[in-house]
Amino acid sequence: MTVDLPVLEQTAAPRAASARWSRYARPALGLVLPVACALGWELVVDLGYSNGRLVPPPSKVFETIVELGKSGELTRHILATLWRVGAGFALGVIAGTILGAISGYWSFARRLLDPTVQAMRAIPSLAWVPLFVLWLGIFETSKIVLIAVGVFFPIYLGVMGAILSVDRKIVEVGRVFRLSGPAMIRRILLPAVLPAYVVALRVGLGLGWMFVVAAELIGASEGLGYLLLDGQQLGKPAQILAAIVIFAILGKLTDWLIEAAAAPLLRWQDAFGARGGV
Amino acid sequence: MLALKEVGKTYPNGVHALERFSAEIQLGEIIAIIGGSGCGKSTLLRAIAGLDRATSGAVILDNAVITSPHAKIGIIFQEPRLLPWLTVADNIGFGLADLPAEVRRERIAAALARVGLADKANAWPRELSGGQAQRVAIARALVPQPEVLLLDEPFSALDAFTRRDLQDHLLDLWADTRPTLILVTHDVDEAVVLADRVLVMRPRPGRLFQEITINLARPRDRKSELFDNFKRRVLTALDRSLDRAVRDPADKSNAGEAMWW
């Protein structure tokens, strides 16, 4: 026992150090592999072991982005894609929220509506593409509707599930204070549902980005998806990689926007943000 | 006055939870309802609160039949049930939404000071201890100044020390406006320290078994011999209520009814 004591005392300082380690170094650890791969590939191409034609080195990809940016073409493609994702996401969110809320709140509507929606959900969304093209034409409308369909389902499910899982005990508090229907929705249901809704929005947005690529591969004359297709057809892998990198940046950025916008509303939550670490 | 007239409850699944429970409770009285599990004490409380309707009989408060939650009746549950997205102050003011903001703020501040949590006004419920959270729940229920306050095993989730503390605190708060308190509990100590009358219930179906009046002056000394004496009486009644060999005091009238059928 006496031997253990000094050892125990010593552990205090290293523990503080290890806390710092887990805060900064651990996320950085995740960067080691991709950065090493990129640098390694850059070196391999530089030293002439590979011509880097099919797998261009990072510097080449960066060069392509700058080039596209200079000509103003990149802005045009990004704006086209952002507009499609934005419009499709908005439509999907509106429809998913309204129908999900109705299904969650009103059990008659759930029995009427939910089986159909679930059946539709089982259809791979891309299977709609030919039909949408026939119905809505090859231009913007069919693309936006396809994205909206992709966004709709996670939002619908998220909203419905969140309403159904609101704690009965909390609802009872509202009843004890004799809240009217609208007051119950505003003061109890909405705040209770909000955390799950934010998650649903983020999942929906992720699907929106997925579907915009599919939509733009159908046939488009601008947009990041068009850059992908154009890169394939003209044999410009650097352009494909450039588009992929920009997709990643935009996807992460818009996701972060939702998270940041919701954070002040979710400050009360136990597990939100800071505590989610380690 | 609160009158319970042959209140009965049979759930849709056929469980006969409560049978013809009658009592008259004066304004300002403190009643403890005690009994073994499944004796229908929570069912009774929910019927008085208007959360669940009685299937027979009636709950009458000042000549009004209670069928849904009523402005004059407040309830405190076993769990604090604070709204996690509201600060402590907003939780306490939850039932005051109709009042002008100025009045509301004053009432909240007064209530916070009264339960000794003035420094926690802007804290989130998750930052409170169990005892503090239940204090906030008590303040939330008392702030609209109900005539009847129902308590459903309000301190059973707390440790013994905090429980005593809150029992004394509850009596203290009760003295301010002297509402009627109806407390469901399974803690004999709690019943004897708080109540003017202890109603002992017996299970299957839940019904009134015995009524014990605790005519002890407040504050009551938990360690006094008289206190122990009353505790023993309640315990004896509880034991007898669970003993199937002991017949209901009201058995005669029931038997007559059965014969008539």
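Residues numbered from 1 in each chain as written. Chains lettered and ligands numbered in written order. Predicted model: local features only at pLDDT ≥ 70, side-chain atom pairs only at ≥ 80, totals over all residues.

This part takes up the UniProt feature "domain: ABC transmembrane type-1" (unreviewed entry) in chain A. Per the UniProt record, "domain: ABC transmembrane type-1" (unreviewed entry) is found at residues 78-258 of chain A. Each end of residues 78-258 of chain A is marked by a C-alpha atom, and these two atoms are 19 Å apart; helix forms 86% of the span and strand 0%. (UniProt positions renumbered as here; feature names shortened; annotations may be inferred. Helix = DSSP H or I, 4+ residues; strand = E, 2+ residues; numbered from the N terminus.)

Attention now goes to the sheet that holds strand β2 (residues 16-25) of chain B. Residue and element names in this part refer to chain B. A sheet is described by the order of its strands in space; here four strands give the open sequence β2-β1-β4-β5, paired in antiparallel fashion. The sheet is open, and its two edges are formed by β2 and β5 (64-65), each paired on a single side. The pairing of strand β1 (residues 2-10) with β2 spans six bridges and is antiparallel. Residue pairing across strands places Lys9 opposite Leu18, the latter belonging to β2. (Pairing = 2+ DSSP bridges.)

Turning our attention to unusual backbone geometry. Residue and element names in this part refer to chain B. Here Arg204 and Pro205 are connected by a cis peptide whose omega angle stands at -15 degrees. Inspection of the secondary structure assignment puts Pro205 in the loop between β9 (197-202) and β10 (207-213). Here the residue pair Arg218 and Pro219 is connected by a cis peptide bond, since its omega of -5 degrees sits within 30 degrees of zero. Of note, Pro219 is situated in the loop between β10 and α7 (225-242). Positive phi outside glycine occurs at Arg20, with the angle close to 40 degrees. With respect to the helices and strands, Arg20 occurs in strand β2. For Arg20, a count of 17 C-beta atoms within 10 Å gives the class partly exposed. Despite not being glycine, Asn63 has its phi angle at roughly 70 degrees, a positive value. Examined against the element boundaries, Asn63 turns out to sit in the loop between β4 (56-61) and β5. (Buried ≥ 20, exposed ≤ 12 C-beta atoms within 10 Å, placed from the backbone.)

Residue and element names in this part refer to chain A. In this fold, Ala248 is placed in helix α11 (residues 237-262). Taking the number of C-beta atoms within 10 Å as the measure of exposure, Ala248 has 11 and is therefore exposed. With 39 residues separating them along the chain, Ala248 and Trp209 place their C-alpha atoms 9.5 Å apart.

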